[in-house]
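Structural characterization, general
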Amino acid sequence: MDDELDSGSTAPTGTTPTGSNLHDWNTGLAGPDPFTGPDADSLSGTSDMKAAGPAAGPATGSSRAGRGPSKPRPEWRDPAELPGVQRAHTGAFGQKLQALDDAARTVMAVMDSIDVNALSDPEVVALTQMVERTGRPVDAARVATATVVGYRSRSGLGTESLAWRLGASHQNDLLIGLTGTSVPEMKRRVSLGEKVAPRMLGGTVLEPEFPFVAAALAAGEIGLDAAENIVKGLADYKVHGHFDADQSLVDGGEAELVESATGSVFGRTPGPGDTNTATNTATHTDTDGAGPACTGPIARLGDSAGFTFPADRIREMAATWQAVLNPDGAAPTAEIVEAKSTFSFGKLSQGLHPLRGGVTPELKGIMQTLFNTFQSARSAPAFPSAEEQQRIEAGELVPGEILDERDGGQKRADILRGILVQVAQDPRTPTMGGMPPTVMVHVNAHDLHTGVGVGWIDGVEGPISMKTINQMIDNGGFRPIFFGGTGTVLALGDKVRCFTPLQRRAITARDGGCIIPGCTCPPQWTEVHHVQPWQNGGPTNVSNGVLLCWYHHHNIDTSGWHIRMVLGMPEVKAPHWIDPTGTWRKPPQHLAHDPKYRRQDE
């Protein structure tokens, strides 16, 4: 392998290579043939790897295909040890490599001289922006180099691919060996690079498939994430894409998205044969009657008069452009998208089953509206009215806003739980084997009595805690099953510790919903809680049951809230950090029993 890089495809000075390329396909990259230069034998260490002349592209029946498997692959060595790579660090190109190394050392030296934690707010803001600006040219260079290495290592080249000559099994194998990064990252760089690198067709160098994105990357104006969002959003509408679209509109969409992502206007500059031209930010043609448009390369023309948006917003804007570019709207793809809508559970991990899948925009709208409706009551700030202030002073109302420590995701999960429980309890829900949807939890009687152990749900591999089991029994009761010594079922006991439907209706009529002040969970989503625990002799009747939402029911023993019954009516005591006085107060009643909503006789 000592001579492996002696005939590499890059010109010794690192300048842009010239010459024809016979790989005529729409994503073929511009550049010389990978094995026709003066260093072709420096990759394998054997002189018979020398090519006799320009080789053909990956066409069927080429002589290259026959040479591929005939030679054993060289063993991998650190490329830095190869003579060809070492020679690349000399001469004019070596000076450029040294300049890059000096720049990296300068950045490290500057950062070593800065104590980021000690910076003022303006200083850390300025540094954050400058670091991002400094890194963008490096990101663009990473994309460019990975793309060229990947192209020269494609499997169609056989034994003359760059990967094979360096002892790598695949282009990704070579890339991660050269960079130490991951395969997904290399695929990401190559995928983007193929869309922003110059192409060859019939010996002619063509501009990149996304010329505006390429120009913004070269100028260090756009990050890789925003560039990816533009490319992915418009790729299906480019030439040879899945959809037919007006290419002038596609170019206009690309130019507008780049402007929104960078805050800079990019457009074509005058070409060699242009006369009386005006710069054009989108197309080759004159669209406004101002005269012939420029035909030169795309470059930055100046600052944008509009706003600059982050990469996530660019993704949304690209989706908007998709609707503009598709003359038939979303209808042609509706069936495809609907067919791919899916929902499933992942493997248990850290006590949770991840949800996987995707939904259509319509279904997301329905779900989002439901979530927002039930979350808005909790998220809106509330201030006591004069009447409420009097009730606070009289000890009838908990002062202050009730704190809810759940984040948005936890609230949405609890809302979804309530919706599903309500559907499961609806008499119109289909039955299974003559029974309504019922979660069957199995727990050993000894464990239930001692409060130590776990339970199991049919069809679910993960255990559930005794705390959750007690909550479920508190709301739905249990039915004992008696087993013999050999494991045979001896008897099925009666269902106990379960509030009847009539009892639940009576409790709902009294409480009207979760009795914790500030909770707006509707009554149909609540559970019935034994105020005096059943295992401590508490009866299962209306005078010992109150409505709690799942969240407050699940945390009633640890949240600091206390509940008691006085003459058949519930009273609550808030945690000390909400009500330092520790006063027992009556929770909000059902509206039918609230004096404020009843007509008073004159």
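This report concerns the structure included in the present document. (Residues numbered from 1 in each chain as written. Predicted model: local features only at pLDDT ≥ 70, side-chain atom pairs only at ≥ 80, totals over all residues. Heavy atoms only, no water.)

**Observations concerning the overall build of the protein**
Assigned secondary structure in the protein consists of 19 helices and 16 strands. A total of about 35200 Å² of accessible surface is found on the protein, and carbon and sulfur atoms cover 57% of it. (Helix = DSSP H or I, 4+ residues; strand = E, 2+ residues; numbered from the N terminus. Areas by Shrake-Rupley, 256 points an atom, 1.4 Å probe, with all protein chains shown as cover.)

**With respect to the sheet that holds strand β16 (residues 584-585)**
The three strands lie next to each other as β14-β15-β16, forming an open sheet whose pairing is antiparallel. Of all strands in the sheet, those with a lone pairing partner are β14 (562-566) and β16, marking the two edges. Direction of pairing for strand β15 (residues 569-573) relative to β16: antiparallel, over a ladder of two bridges. Looking at β16, one finds that Lys573 is bridged to Trp584. (Pairing = 2+ DSSP bridges.)

**Some points on the pattern of salt bridges**
Pairs can form between side chains of opposite charge once their charged atoms are near each other. What the rule picks out here adds up to 17 salt bridges. Across the salt bridge formed by Glu132 and Arg136, the nearest N and O atoms sit 3.3 Å from each other. Taken as a pair, Glu132 and Arg136 lie in helix α4 (residues 121-152) at a separation of four residues, close to a single helical turn. For Arg136, a relative accessible area of 22% corresponds to the partly exposed category. A salt bridge links Arg300 to Asp303; its shortest N-O distance comes to 2.3 Å. Owing to a relative accessible area of 62%, Asp303 belongs among the exposed residues under this scheme. Through salt bridges that share partners, Glu185, Arg188, Arg189 and Glu228 make up one connected network. (Salt bridge = Lys/Arg side-chain N within 4 Å of Asp/Glu carboxyl O. Buried < 20%, exposed > 50% of the residue type's maximum accessible area, 1.4 Å probe, protein only.)

**Observations regarding α4**
Compared with the 46 Å implied by 1.5 Å per residue over 32 residues, the 47 Å span of α4 between its first and last C-alpha is a close match. Taken as a whole, α4 carries its principal kink of about 25° at Arg136; the proline Pro137 stands between one and four residues after it. Taken together, the buried positions of α4 are Leu127, Ala140, Val143, Ala146, Thr147, Val149, Gly150, Tyr151 and Arg152. Elements that come into contact with the buried residues of α4 comprise α3 (91-112), α5 (162-165), α6 (171-179), α7 (183-196), α8 (211-218) and α9 (224-234). (Expected span 1.5 Å × (residues − 1). Bend = angle between axes of the 7 residues up to and from the residue. Contact = heavy atoms within 4.5 Å.)

**Structural notes on the side chain of Glu254**
Note that Glu254 resides in helix α10 (residues 247-262). Among the residues examined, Glu254 registers a relative accessible area of 0% and is labelled buried. Looking at Glu254, its side chain comes within polar contact range of the main-chain nitrogen of Val213, at 3.0 Å. Leave out the neighbours within four places in its chain, and Glu254 touches Glu209, Phe210, Pro211, Phe212, Val213, Ile230, Leu234 and Lys238. (Polar contact = N/O pair within 3.5 Å; in protein donor to acceptor, adjacent residues only side chain to side chain.)

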